[in-house]
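Each chain, letter by letter, is given below.
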Amino acid sequence: MKTIAIIPARYGSTRFPGKPLAMIDGVSMVMRVYFQVKQAECCDRVMVATDDDRIFQHVLEHGGKAMMTSETHPSGTDRVCEAALEMLGEGKLKDHVVINVQGDEPFISPDAIRLLAECFKDASVSIATLMKKISREEELFDPNVVKVIPGKGKQAMYFSRSALPWIRGRETSDWLTAFSFFKHIGIYAYRGDVLQEITKLETSPLELAEGLEQLRWLENGYKINVEKTDYESLSVDTPEDLSKIMNKA
């Protein structure tokens with residue numbers, strides 16, 4: 001089964017307009033992501049999917065591949081699905097694995113991308129993502145850090161912004177020594193037919209409650225494989241985030 005990677009890149013971010021074109025040591029954020037994905041050498045094609053001509057032209061001018069997509073997509077998953085269908089057609093999409101690489105992680109690890117792609121050697125895997133063990137208390141109780149509870153067979157039982165499960169009878173300062181908590185690393189891969197299916201699902205109650213799209217998939221009976229990694233996600237949501245990671249370039 002072949003694998004393609006699609007990088008959704010939207011210009012109109014509320015907290016950081018034009019974020020994909022922000023420069024990091026002379027290279028734009030979106031092109032840094034693109035080059036990191038190419039280094040993984042596990043994807044037959046890599047494509048930036050954008051709603052803005054400035055991003056589209058920038059990627060082409062710097063040697064990348066890009067395509068224009070609708071401005072009305074409610075999520076990156078929907079944008080990825082449109083791009084995948086445009087690239088492959090509905091008939092061929094079902095024979096591919098599609099990796100959704102966030103366009104705001106300029107230091108995404110090629111090893112993490114390979115690890116995600118390798119999950120699909122198991123024919124039972126339909127959706128896959130990554131998790132990392134939490135080692136700091138401030139991460140555990142930060143609602144902006146999404147937590148995942150894995151079950152047997154590496155299947156996600158639940159995702160939450162809260163610290164779950166509750167450790168009964170222990171002070172919260174002792175929780176990390178009493179139980180292994182995991183943060184969700186927000187990179188996804190899907191079998192092509194499953195990607196099409198999940199973009200047609202209606203918004204679910206759990207998704208609305210937590211503000212997490214993946215809960216819609218779980219509520220509708222889809223299984224999400226979670227693979228453990230040591231990769232530390234460094235996403236950029238604001239100009240302040242960018243300032244913090246500039247010394248990593």
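Structure: above.
Each chain has its residues counted from 1, running along the sequence as written. pLDDT decides what is reported in this predicted model: residues at 70 or higher carry local features, side-chain atom pairs at 80 or more are listed and counted, and totals for whole chains, interfaces and linings draw on all residues regardless. Where side-chain values are given, they derive from all heavy atoms of the structure, hydrogens and water being excluded.

A. Representation of the environment of Ala178 within the structure. A run of DSSP states H or I qualifies as a helix once it reaches four residues; a run of E qualifies as a strand once it reaches two. Both are numbered from the N-terminal end. Here Ala178 lies in helix α7 (residues 175-178). Distance from Ala178 to Ile167, taken between C-alpha atoms, is 7.7 Å for residues eleven residues apart in sequence. Residue contacts for Ala178: discarding those within four places in its chain leaves Ile167 and Arg170. Note on definitions: a residue-residue contact is assigned when non-hydrogen atoms from the two residues lie within 4.5 Å.

B. Highlighting the packing of aromatic side chains. Between the rings of Phe, Tyr and Trp (Trp by its six-membered ring), a pair exists once the centres lie within 6.5 Å; its type follows the angle of the planes, with under 30 degrees stacked, over 60 edge-to-face, and the other angles tilted. Summed over the entire model, instances satisfying the criterion amount to eight aromatic pairs. Geometrically, the ring pair formed by Trp166 and Trp175 is edge-to-face, given 4.9 Å between the ring centres and 85° between the ring planes. For the exposure calls, accessible area comes from a 1.4 Å probe over protein chains only, and a residue counts as buried if that area is under 20% of its type's maximum, exposed if over 50%, partly exposed in between. Given the relative accessible area of 63%, Trp166 is considered exposed. Where Tyr188 meets Trp217, the ring centres are 5.2 Å apart and the plane angle is 75°; that geometry is what we call edge-to-face. Linking Tyr188 in strand β10 (residues 182-191) with Trp217 in helix α10 (residues 214-219), this pair joins segments that are 29 residues apart in sequence. Here the two residues Tyr188 and Trp217 agree in accessibility, since each one is buried. An aromatic cluster of three or more residues is present, and its members are Phe141, Trp166, Trp175, Phe179 and Phe181. By the criterion adopted, a ring carries a charge over it if an Arg CZ or a Lys NZ lies within 6 Å of its centre and within 35 degrees of its normal. The ring of Tyr11 carries Arg54 above its face, with NZ or CZ at 3.7 Å from the centroid.

C. Main features of the nonpolar core. Formed by 34 residues in total, the largest nonpolar core has its most connected members in Ile6, Val98, Phe159, Ile198 and Trp217. Per element, the largest residue contribution to this core is six residues, and it comes from helix α3 (residues 76-88). In this structure, Phe159 is in contact with Thr129, Val146, Lys147, Val148, His184, Glu210, Leu212, Gln214, Leu215, Leu218, Ile224 and Val226, ignoring residues within four places of it in sequence. Counting residues in each nonpolar core, the second largest holds 33 residues, with Ile7, Phe56, Ile99 and Ile187 among its members. Here, the term nonpolar core denotes a set of buried Ala, Val, Leu, Ile, Met, Phe, Trp, Tyr and Cys residues that are joined through side-chain atoms within 4.5 Å.

D. The state of the cysteines, seen in detail. The definition used for a disulfide is geometric: two cysteine sulfur atoms within 2.5 Å. Using the criterion set out here, one finds zero disulfides in the structure. Note on Cys43: no disulfide assigned, nearest cysteine sulfur contributed by Cys42 at a separation of 3.8 Å. For Cys43, a relative accessible area of 17% puts it in the buried group. With no disulfide of its own, Cys81 has Cys43 as its nearest cysteine by sulfur position, at a separation of 17 Å.

E. Region of interest: the side chain of Glu210. You can see Glu210 is positioned in helix α9 (residues 205-210). Counted charges follow a simple rule, with Lys and Arg positive, Asp and Glu negative, and His plus the chain ends left uncounted. A pairing counts as a salt bridge when a side-chain nitrogen of Lys or Arg comes within 4 Å of a carboxyl oxygen of Asp or Glu. Buried charge Glu210 goes without a salt bridge, the closest partner of opposite sign being Arg161 at 5.0 Å. N or O atoms within 3.5 Å of each other form a polar contact, as long as, within protein, one can give a hydrogen and the other can take it, and as long as residues adjacent in sequence are counted only when both atoms are side-chain atoms. Among the polar contacts made by the side chain of Glu210, one reaches the side chain of Ser160 at a distance of 2.7 Å. If we ignore the near neighbours within four places in the chain, the residues touching Glu210 are Tyr158, Phe159, Ser160, Arg161 and Leu215.

F. Structural view of helix α2 (residues 53-61). Taken as a whole, α2 has its buried residues at Ile55, Phe56, His58 and Val59. Buried residues of α2, seen end-on, are gathered within an arc of 165° and therefore sit on one face of the element. Looking at the buried residues of α2, the elements they touch are β1 (2-9), β3 (27-28), α1 (29-40), β4 (45-50) and β5 (66-68). Gly63 lies just past α2 and shows a positive phi near 90°. For this quantity, the arc is that covered by the directions from the helix axis to the C-beta atoms.

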